[in-house]
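Read off the chains here:
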Amino acid sequence: MSTRKSSLLLPRASNWMGVSALSAAMLATTALPSLADEALADLVEAVSPSVVTIIAEQDTTTTPTQSQDFDLEGHPFGEFFKRFGGPEGFNTPERGPSQGLGSGFVLDEEGYIVTNHHVVDNASTVTVRLSDDREFEAEVVGTDPLTDLAVLKIDAGESLQAVDLGDSDIIRVGEDVVAIGNPFGLSSTVTTGIVSAKGRSISQGPYAEFIQTDAAINKGNSGGPLFNMEGEVVGVNSAIYSPSGGSVGLGFAVTSNIVDHITTDLRDDGEISRGWLGVSIQNVSPELAAALGIEASSGALVSDVVSGSPADGVLLQGDVILSFNDDAVDSSRDLPILVGTTKVGTNSVLTVLRDGKQEQLELTIGQYQTAEADVDSTVDTNVSGTALGVTVAPLTEAARAEMGVGDTVDGVVVTDLKPDSPAAKAGLQRGDVIVKLGSQDTATPDALKAALDSEKTDPALVLINRGGSQIFVAVEIA
């Protein structure tokens, strides 16, 4: 009996010893750094000397007590001043110079530094602190608010260690990336993550394209580099989405290809020479595609052409731009980046869809210029109704001035519309000017009625002018 018991217990003991050996092996494995960890540490060690701190100072200011920036809490007459304002000539004590911290990196050994425009905007003095804690006052070579980039220059008395810009077009979603910067003033902080998405548009202007990453990015990381695993900069950390102000894994970096173009231009003369077509464009929604009689809802739909622009006489309202210099235009956000990074004076070729047929058009890229449009408005005089479910009025000179509509625009003003009407469902608003329905101009209420009566396409393609800008909408009229 004792022999049987002994033989039965032996396998149990052997099994326990096997588990112990396996556990010990696992513990030994986890205790040793992996090859990936070593590669990451080597990368950080190699590029960290090129990452810098940006210190931006603003001059002393004196703020009147009526200013919203003046904190009256704790002031002996705070409640009184809140209600009635301070006595004449009374100002708050002078504030000392305000200081903001950001990040940046050495672009080349001569001392050129890249950071964000918003880091140095309105700064009276900009200081660059190197990784070895040496500080140098920087010259702001130039900034570009439309891409939130800035180039600085320092004289360190010696060559600096620079980093290379990578190709942001070839980086893939899911690749590992490393962010280095100074979040909350904590210099040389390293965080890792992946590329969460590419080609993000975050309402920061039409000329910037962003890489989204879940690498932790916080206040103070702005202007710092986002590296790929080759040690190349693939983006400049510029923005985060955060309800709390801290990182929630939604960081955005301007792509390195845009950084390359902008910094090269700024280093040349301190200014940006941005290409310009002179068109207003919009996405081709499935509804607009149906109204246009096309199958794919891709490309950039031309809703307006600026008189005297490079596109004037070449592009027409209703053209759908499919490609620019052999680069596909999948949506309206692609075209401004392609055109904006094209050298002024370049002869370019556009492939457009016009009346259901593809055509190739040539034009010369012009110099970017801006034009501000007035806000939407309404008029009070109602003249007639239409089957669209809107009430319209003639476009008088007074209405033009009130709504910011140019003299070259003809149409009828929407003065009222039914909540459940086809026009309301399509997004029309009071104050919109209906310029064209289908292929017919609608300069008068009668012309709009006639266009509706003869329109054969459903939904109908309607061109409107809203606050000086023209857009197409698709309206169901059946």
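Residues numbered from 1 in each chain as written. Predicted model: local features only at pLDDT ≥ 70, side-chain atom pairs only at ≥ 80, totals over all residues. Heavy atoms only, no water.

Q: Lay out the overall build of the chain with the relevant residues and their values.
A: Counting its secondary structure elements, the chain contains 10 helices and 28 strands. The burial tally for the chain puts 44% of its 478 residues in the buried class. A fraction of 61% describes how many contacts in the chain between residues 6 or more apart in sequence connect residues 24 or more apart. (Helix = DSSP H or I, 4+ residues; strand = E, 2+ residues; numbered from the N terminus. Buried < 20%, exposed > 50% of the residue type's maximum accessible area, 1.4 Å probe, protein only. Contact = heavy atoms within 4.5 Å.)

Q: Account for the packing of aromatic side chains, naming residues and giving values.
A: Any pair of aromatic rings gets described here by the distance separating the centres and the angle formed by the planes. Scanning the entire structure with this criterion turns up one aromatic pair. Geometrically, the ring pair formed by tyrosine 207 and tyrosine 368 is edge-to-face, given 5.5 Å between the ring centres and 85° between the ring planes. Residue tyrosine 207 is found in the loop between strand E9 (189–200) and strand E10 (210–213), and its partner tyrosine 368 is found in the loop between strand E21 (366–367) and strand E22 (384–385); the two are separated by 161 residues along the sequence. The ring of tyrosine 112 carries the charged tip of lysine 153 above its face, separated from the ring centre by 5.4 Å. (Phe/Tyr/Trp six-rings, centres within 6.5 Å; stacked < 30°, edge-to-face > 60°. Lys NZ or Arg CZ within 6 Å of the ring centre and 35° of its normal.)

Q: Got a sec to walk through helix H2 (residues 35–47)? Specific residues and values, please.
A: Helix length check: H2, at 13 residues, gives a terminal C-alpha distance of 19 Å against a target of 18 Å (1.5 Å per residue), a fit within 8%. Among the residues of H2, those classed as buried are Leu43, Val44 and Val47. For H2, the angular spread of buried residues about the axis comes to 95°, placing them on one side. Summarising the geometry of H2, the exposed residues directed more than 90 degrees from the buried face are Leu35, Asp42 and Glu45. Of the surrounding secondary structure, the elements contacted by the buried residues of H2 are strand E1 (51–58), strand E8 (176–181), E9 and strand E11 (225–227). (Expected span 1.5 Å × (residues − 1). Arc of directions from axis to C-beta.)

Q: A description of the confidence of the model for the chain should follow, citing residues and the corresponding values.
A: For residues with low pLDDT, the predicted coordinates do not support detailed interpretation. On average, residues of the chain score 81 in pLDDT, and 80% of them reach the 70 mark or higher. Below pLDDT 50 for its whole length, residues 1–29 participates in zero contacts with residues either more than four positions away or in separate chains. (pLDDT = per-residue confidence, 0-100.)

Q: Go over the pattern of salt bridges, please, and point to the residues and values.
A: Taken as a whole and judged by the stated rule, the model has 10 salt bridges. As a salt-bridge pair, aspartate 144 and arginine 274 come within 2.6 Å of each other at their nearest N and O atoms. Within this pair, whereas aspartate 144 is found in strand E6 (residues 139–144), its partner arginine 274 is found in the loop between helix H5 (256–269) and strand E14 (275–276), the two being separated by 130 residues in sequence. Each member of the pair, aspartate 144 together with arginine 274, is buried. A salt bridge links arginine 354 to glutamate 359, with the shortest nitrogen-to-oxygen separation between them at 3.8 Å. A relative accessible area of 30% means that glutamate 359 is categorised as partly exposed. (Salt bridge = Lys/Arg side-chain N within 4 Å of Asp/Glu carboxyl O.)

Q: How would you sum up the pairing of strand E20 (residues 357–364)? Please name residues and give values.
A: Bridge count for strand E19 (residues 347–354) against E20 is eight bridges, and the pairing is antiparallel. Residue pairing for E20: leucine 353 is matched across the bridge by glutamine 358. (Pairing = 2+ DSSP bridges.)

Q: Please set out the sheet that holds E8 residue by residue, giving values where relevant.
A: Taken in spatial order, the six strands close into a barrel running E8-E9-E10-E13-E12-E11, and their pairing is antiparallel. Within this sheet the neighbouring strands show an average axis-to-axis angle of 45°, counted without direction. Note: E11 against strand E12 (residues 233–240), three bridges, orientation antiparallel. Residue leucine 226 lies in a different strand from E12, and its bridge partner there is glycine 235. Packed onto the sheet, H2 meets E8, E9 and E11 and runs at close to 40° relative to E8. Against the sheet, H5 contacts E12 and strand E13 (251–255), and its axis sits at roughly 50° relative to E13. (Axes fitted to C-alpha atoms, helices over the stretch in contact; angles between N-to-C directions.)

Q: Describe in detail the side chain of aspartate 108, supporting the description with residues and values.
A: Note on placement: aspartate 108 falls in strand E2 (residues 98–108). Look at aspartate 108 and you get buried, because its relative accessible area is 15%. In this structure, aspartate 108 is in contact with Ala162 and Arg267, ignoring residues within four places of it in sequence.

Q: Describe the pairing of E13, listing the residues and the values that go with them.
A: With five of five residues buried, E13 is to be regarded as a mostly interior element. Note: E10 against E13, four bridges, orientation antiparallel. Across the sheet, residue glutamine 212 finds its bridge partner in E13, namely phenylalanine 252. For E12 and E13, the ladder comprises five bridges, and the chain directions are antiparallel. Bridge assignment links isoleucine 240 to a residue of E13, and that residue is glycine 251.

Q: Lay out a negative patch on the surface in plain terms, naming residues and giving numbers.
A: Taken together, the side chains of Asp37, Glu38, Asp42 and Glu45 present a region of like negative charge at the surface. Along the chain, aspartate 37 falls in helix H2. (Patch = residues over 30% accessible without salt bridge, like charges linked within 9 Å, V, L, I, M, F, W, Y side chains within 5 Å. Areas by Shrake-Rupley, 256 points an atom, 1.4 Å probe, with all protein chains shown as cover. Lys, Arg positive; Asp, Glu negative; His and termini not counted. Charge placed at Lys NZ, Arg CZ, Asp CG, Glu CD.)

Q: I'd like to hear about H5, residue by residue, with values.
A: Because the α-helix completes a turn every 3.6 residues, residues three or four places apart line up on one side. Between the first and last C-alpha of H5 there are 20 Å, a value that for 14 residues agrees with the 20 Å anticipated at 1.5 Å per step. Among the residues of H5, Ser256, Ile258, Val259, Ile262, Thr263, Asp265 and Leu266 are the ones counted as buried. Positive phi shows up at glycine 270, right after H5, with a value of about 80°.

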